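Structural description and commentary
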Amino acid sequence: MNARPDSPERTAAAGAPTATQPALPDYLAPVFAQYPLRIVAAEGVWLTTGDGRRVLDLYGGHAVAALGYGHAGWTAALTGQARTLSFQSNAVPLDVRLRAAQRLIRFSGLDFTRVFFVNSGAEANENALKMAFTCTQRAHIVAIEHSFHGRTAGAGAVTWGAASKWYGFPRAPFDVGFIPRRDMAAIQTQVTARTAAVIVEPVQGVGGAFDLGAPYLAALRARCDEVGALLICDEVQCGMGRVGAPFASGLYGVQPDMITTAKALGAGFPCGALLMAPRVAAAIRLDALGTTFGGGPMACAVIEAVIDAIESDQLLERVRARASEIRSRCIVGPVRAHQGEGLLVGLRTTRPAREVHAALLERGILAGTSADPHILRLLPPYVLGAQHVELLRDALLDIGS
Ligand SMILES: Cc1ncc(COP(=O)(O)O)c(C=O)c1O
């Protein structure tokens, strides 16, 4: 997946010269293979490239841009807070932080009593795992095959395939077992009295927009209760409205012990959160959790603005409407089936998804791929309109089967 600095994917867009601008030298560490796009501006669901092309964004910067670009409430919250008080750490109480925590817990609709604000999805998962070990005094985690939980030592250790692909640490910091998706029998045999927690994405993102479903989540919950393990739902990608409900756990009728979230939580401002149910909250000791930037006032102002926008712009209804239109209108051309939940959509393609991705980009639509080579992954902003779904349909028909 990583591109060398001199690879065609990487040089096609980064620092590309234009009529008015010389090429910029590239000192950046090569991270992802890059799309051949030089984006200079964005508005709503549209990206504008350096050469003036408009591209429909159905990927949202890895599921981040939930409100699209230039959302008035988000921009006002961020700039207003920057002017009022740009930063103070958790060593100082802040009303904006208290409000963000209260709003987030209320928004979740689930039984949580404490929030720990962090900076990213991986950091939220790292702290969730730590709380699970603290609560249970056990050292074994069960994760699900094809999961993705982040790139840090703990989060990477519970990510499927990381050890052979990119993990980089000499050993995992605790015991981890992986169980197959939707395999009920494996839950019974692998989640045991030595298990501290099960960590699961209710709808897997990187793994291919794969919905694990209510019965599977209920079985995990029941087994965790039987053996005294905790259930951690990683909703970094599928949470904060993306499935047409505040969180996928709620949609599937499950109360986790912890939810981790990030991405759409800040809708473009970096932040993450760990929500804790009373049993976990009771185990927090002062000085056990910490961060400099997590819970900063600008992040918290943005979190409030994101929840405001989701609630007052009726974005959950909008997500559900677009989700059903995509599924009824876009199984055409190279797409033969769909999976996933809400606006975490997996379109199963007859030919490699990378080829369909490239063909869509030629037609001015940016989609995503996934670890499943035949799944095109869509993670569009929640402000997407029905007319944009029709543009996708037209492009897929034009590509043909
Ligand atoms: C489900 C899930 N968990 C965790 C992460 C890691 O989040 P971050 O990149 O903010 O550390 C991701 C990122 O893609 C994710 O999809």
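Presented here is an overview of the structure given in this document. (Residues numbered from 1 in each chain as written. Predicted model: local features only at pLDDT ≥ 70, side-chain atom pairs only at ≥ 80, totals over all residues. Heavy atoms only, no water.)

Turning our eyes to something else, we now look at the overall build of the protein chain. Counting secondary structure elements, the protein chain contains 15 helices and 16 strands. Taken over C-alpha atoms, the radius of gyration comes to 21 Å for the protein chain, in line with the 21 Å a tight globule of 401 residues would show. Considering only C-alpha atoms, the protein chain reaches an extent of 60 × 55 × 45 Å along its principal axes. Put simply, the protein chain has 401 residues, and 52% of those count as buried. Long-range pairs, those at least 24 residues apart, make up 70% of the contacts in the protein chain with a sequence separation of at least 6. When the accessible surface of the protein chain is split by element, carbon and sulfur atoms take 56% of a total near 16900 Å². Positive and negative side-chain charges of the protein chain, numbering 37 and 34 respectively, have mean locations separated by a distance of 1 Å. (Helix = DSSP H or I, 4+ residues; strand = E, 2+ residues; numbered from the N terminus. Rg over C-alpha atoms; globule rule 2.2 N^0.38 Å. Buried < 20%, exposed > 50% of the residue type's maximum accessible area, 1.4 Å probe, protein only. Contact = heavy atoms within 4.5 Å. Areas by Shrake-Rupley, 256 points an atom, 1.4 Å probe, with all protein chains shown as cover. Lys, Arg positive; Asp, Glu negative; His and termini not counted. Charge placed at Lys NZ, Arg CZ, Asp CG, Glu CD.)

On to the packing of helix α14 (residues 353–362) against helix α15 (residues 386–399). Direction vectors running N to C along α14 and α15 enclose 115 degrees, while the axes themselves pass 10 Å from each other. Considering how the two elements wind past one another, α14 and α15 form a crossing that is right-handed. Of the residues in α15, those in contact with Val356, Ala359 and Leu360 of α14 are Leu392, Ala395, Leu396 and Ile399. Here the contact of α14 with α15 is built from residues that sort into seven nonpolar, no polar and no charged. (Axes fitted to C-alpha atoms, helices over the stretch in contact; angles between N-to-C directions. Left-handed = near helix turned anticlockwise from the far one by under 90°. Nonpolar A, V, L, I, M, F, W, Y, C, P; charged D, E, K, R; others polar.)

What follows is about the packing of helix α3 (residues 72–84) against helix α12 (residues 297–312). Where α3 contacts α12, the axes come no closer than 9 Å and their chain directions differ by 155 degrees. Classified by the angle their axes make, α3 and α12 are roughly antiparallel. At the point where α3 passes α12, the crossing takes the right-handed sense. Residues Gly73, Trp74, Ala77, Leu78, Gln81 and Ala82 of α3 lie in contact with α12, whose contacting residues are Pro297, Met298, Ala301, Val302, Ala305 and Val306. Per-class residue counts for the contact of α3 with α12 are 10 nonpolar, two polar and no charged. (Parallel < 35°, antiparallel > 145°, perpendicular 65-115°, else oblique.)

A separate point is unusual backbone geometry. Unusually for a residue other than glycine, Arg182 sits at a positive phi of about 60 degrees. Position of Arg182 among the secondary structure elements: in the loop between β6 (175–179) and α8 (184–190). Despite not being glycine, Gln314 shows a phi value in the positive range, around 50 degrees. Looking at the secondary structure, you find Gln314 in the loop between α12 and α13 (315–329).

By themselves, these are just geometric observations and shouldn't be taken as functional.
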